[in-house]
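Inside the fold
Next come the chains, spelled out residue by residue.
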Protein chains: 2
Amino acid sequence: MPSLDQFFKAAITVDNVIFGFDDDDLKVLLIQRGEEPYINKWALPGYFVTEDEDLDTAAERVLAELTGLTNVYLEQVKAFGAAKRHPLGRVITIAYYSLIKINAFEVKPASIAEKVMWHSISKLDELAFDHNEILEACFARLKRRVRGRPVGFELLPRKFTLTQLQHLYEAILETELDKRNFRKKIISMNLLIDLNEMQEGVAHRPAKLYKFDREKYEEFVAKGFSFEI
Amino acid sequence: MPSLDQFFKAAITVDNVIFGFDDDDLKVLLIQRGEEPYINKWALPGYFVTEDEDLDTAAERVLAELTGLTNVYLEQVKAFGAAKRHPLGRVITIAYYSLIKINAFEVKPASIAEKVMWHSISKLDELAFDHNEILEACFARLKRRVRGRPVGFELLPRKFTLTQLQHLYEAILETELDKRNFRKKIISMNLLIDLNEMQEGVAHRPAKLYKFDREKYEEFVAKGFSFEI
């Protein structure tokens, strides 16, 4: 039997794509790297998986170490393994993604992260490694996901207006939606509860506030209903 | 800066889950391993990724080397990286899957494959490594996929009967479907072309033959329509 040692020279990393929504803007959480390669560049919060660690565990640990984020539900999206994607050798990375409410979490840089900050998806520069490509793949997953189920639940504050919900969909789908049609479809799905409350402290005319009906939402997801907007 | 050498000790493999459909039975293509570990055990056709090889390329090469299958469209499903999943060290595997027409391809074992054979999904023994788990994840993907688009196109012969189509769905969804409802839904989707031909050489009463309307099918997929059965 030929020796298999030659194959045991690769490294495994995890990279986390954390999406949030704020001020009508879809955002992603990035760190500024304090370590070579790509020192000082903005990057996805990611790092090496240790020898005795499962992938999901590593993704959670790395995210917590670099950004302070804990109790975030991470979902594996894809492995990225182009032969030359990392300057230090063969490194395969497993991308995870999550949708969170920006204001519900505090972030704080540590370990190899000099800074940690939310960046608008629409105004991103070149990131470290192949992280633009990884982000793109996770954004594509989010676009598909938004058709399969309402994602507002994870991204919006607990109470929100129909305009906020529409802006979220517009940011994800990167398109403008017709207000009347959007409202008609959303209302017909029976997923929202009218709170009989109005916005407070806004400069414009206050709008009605809604929340998601969690029970209906879970039923909706379990049945695999599609959510055509 | 601390040395990162400690992280470069892992190996990467690819494993391919090839689904086919034959005689009303959903099948998966397995090899009998001719190499330790798990020598003589049935396993998914998979092997190590070489140093300078992209993942997708590796999946195609390994599949071709072990089974003779070429020109198969492989889709990445998931990375499996439990810390102790491989007896020889840290090995992370990237699972790919494909749907093919069994009779349109010839298979032939080579390299570390002693045998290559189609196995019924419903009658599988314990496979090598964590391959039952990998197969399970790909089967789950197939179940989800069947709701998002018609998969018969890839798995059925070019001409098929409505009964064959129904049996395919029953095999994938692991449930019995009501014949009348199934036909009503399928016909209403306008995806089938009635060939005005009957089956030949069958013991039972010959049934009408259909084929998929490729144009309608592609439109259907592009629009992201759901396919509730």
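Keep in mind it's a predicted model, so treat the numbers as computed, not measured.

How each quantity is defined
Residues numbered from 1 in each chain as written. Chains lettered and ligands numbered in written order. Predicted model: local features only at pLDDT ≥ 70, side-chain atom pairs only at ≥ 80, totals over all residues. Heavy atoms only, no water. Least-squares fit on C-alpha atoms with pLDDT ≥ 70 in both. Phe/Tyr/Trp six-rings, centres within 6.5 Å; stacked < 30°, edge-to-face > 60°. Helix = DSSP H or I, 4+ residues; strand = E, 2+ residues; numbered from the N terminus. Buried < 20%, exposed > 50% of the residue type's maximum accessible area, 1.4 Å probe, protein only. Lys NZ or Arg CZ within 6 Å of the ring centre and 35° of its normal. Expected span 1.5 Å × (residues − 1). Salt bridge = Lys/Arg side-chain N within 4 Å of Asp/Glu carboxyl O. Contact = heavy atoms within 4.5 Å. Axes fitted to C-alpha atoms, helices over the stretch in contact; angles between N-to-C directions. Parallel < 35°, antiparallel > 145°, perpendicular 65-115°, else oblique. Left-handed = near helix turned anticlockwise from the far one by under 90°.

Okay, the relation of the copies chain A and chain B next. Superposing chain A onto chain B requires a rotation of 180° together with a translation of 0.0 Å along the rotation axis, leaving an RMSD of 0.0 Å. Classification of the inter-copy transformation places it as that of a two-fold axis.

Under the definition given, this model contains 24 aromatic pairs over all chains. Summarising the aromatic geometry, the rings of Phe19(A) and Tyr97(A) are spaced 6.1 Å apart at their centres and angled 80° between planes, so their arrangement reads as edge-to-face. Linking Phe19(A) in strand E1 (residues 11-22) with Tyr97(A) in strand E6 (residues 91-99), this pair joins segments that are 78 residues apart in sequence. The exposure class of Phe19(A) is buried, given its relative accessible area of 0%. When the centroid spacing of 5.2 Å and the interplanar angle of 80° are considered together, the rings of Tyr47(B) and Phe48(B) count as edge-to-face. The exposure classification of Tyr47(B) matches that of Phe48(B), with both residues buried. An aromatic cluster is defined as three or more aromatic residues linked by ring pairs; in this entry it consists of Phe7(A), Phe8(A), Tyr47(B) and Phe48(B). Seen from the ring of Phe80(A), Lys78(A) lies directly overhead, with NZ or CZ sitting 5.5 Å from the centre. Positioned above the aromatic ring of Phe139(A), the side-chain terminus of Lys143(A) is 4.3 Å from the ring centre.

Moving on, we come to helix H4 (residues 162-173) of chain A. Residues and elements named next belong to chain A. Between its first and last C-alpha atoms H4 spans 16 Å; for 12 residues at 1.5 Å apiece the expected length is 16 Å, and the two agree. When you tally the buried positions in H4, you get nine out of 12 residues, the bulk of the element. What H4 keeps buried is the set Leu162, Leu165, Gln166, Leu168, Tyr169, Glu170, Ala171, Ile172 and Leu173. Of the residues flanking the end of H4, it is Glu174, one or two places downstream, whose phi is positive at about 55°.

The next point concerns the pattern of salt bridges. Residue and element names in this part refer to chain A. Summed over the entire model, instances satisfying the criterion amount to 20 salt bridges over all chains. Put simply, Arg214 and Glu218 hold a salt bridge, and the shortest N to O gap is 3.6 Å. Residue Arg214 and its partner Glu218 are both found in helix H6 (residues 214-222); the two are separated by four residues, about one turn of the helix. When its relative accessible area of 44% is taken as the criterion, Glu218 is described as partly exposed. Here the salt bridges share partners, and the residues they tie into one network are Glu53, Arg61 and Glu65.

So, about the environment of Leu55(B). Its place among the elements puts Leu55(B) in helix H1 (residues 55-67). Take Leu55(B): its relative accessible area is 3%, and that puts it in the buried class. Remark: the alpha-carbon pair of Leu55(B) and Val14(B), spanning 41 residues in sequence, is separated by 7.4 Å. Sequence-distant contacts of Leu55(B), that is, excluding residues within four places in its chain, are made with Ala79(A), Phe80(A), Gly81(A), Arg90(A), Ile92(A), Ile12(B), Val14(B), Val49(B), Gln76(B), Ile94(B) and Tyr96(B).

Residue and element names in this part refer to chain A. For the bond running from Glu36 to Pro37, omega is -10°, close enough to zero to count as cis. Looking at the secondary structure, you find Pro37 in the loop between strand E2 (25-33) and strand E3 (42-43). Backbone geometry places Glu174, a non-glycine residue, at a positive phi of 55°. Secondary-structure assignment places Glu174 in the loop between H4 and helix H5 (179-188).

This part is about the packing of helix H2 (residues 131-148) of chain A against H4(A). Residues and elements named next belong to chain A. Taken N-terminus to C-terminus, the directions of H2 and H4 make an angle of 135°; their axes are 9 Å apart at the nearest point. Viewed along their axes, H2 and H4 adopt a mutual orientation that is oblique. When the axes of H2 and H4 are compared, the crossing they make is left-handed. For the pair formed by H2 and H4, the contact residues are Phe139, Leu142, Lys143 and Val146 on the first element and Tyr169, Ala171, Ile172 and Leu173 on the second.

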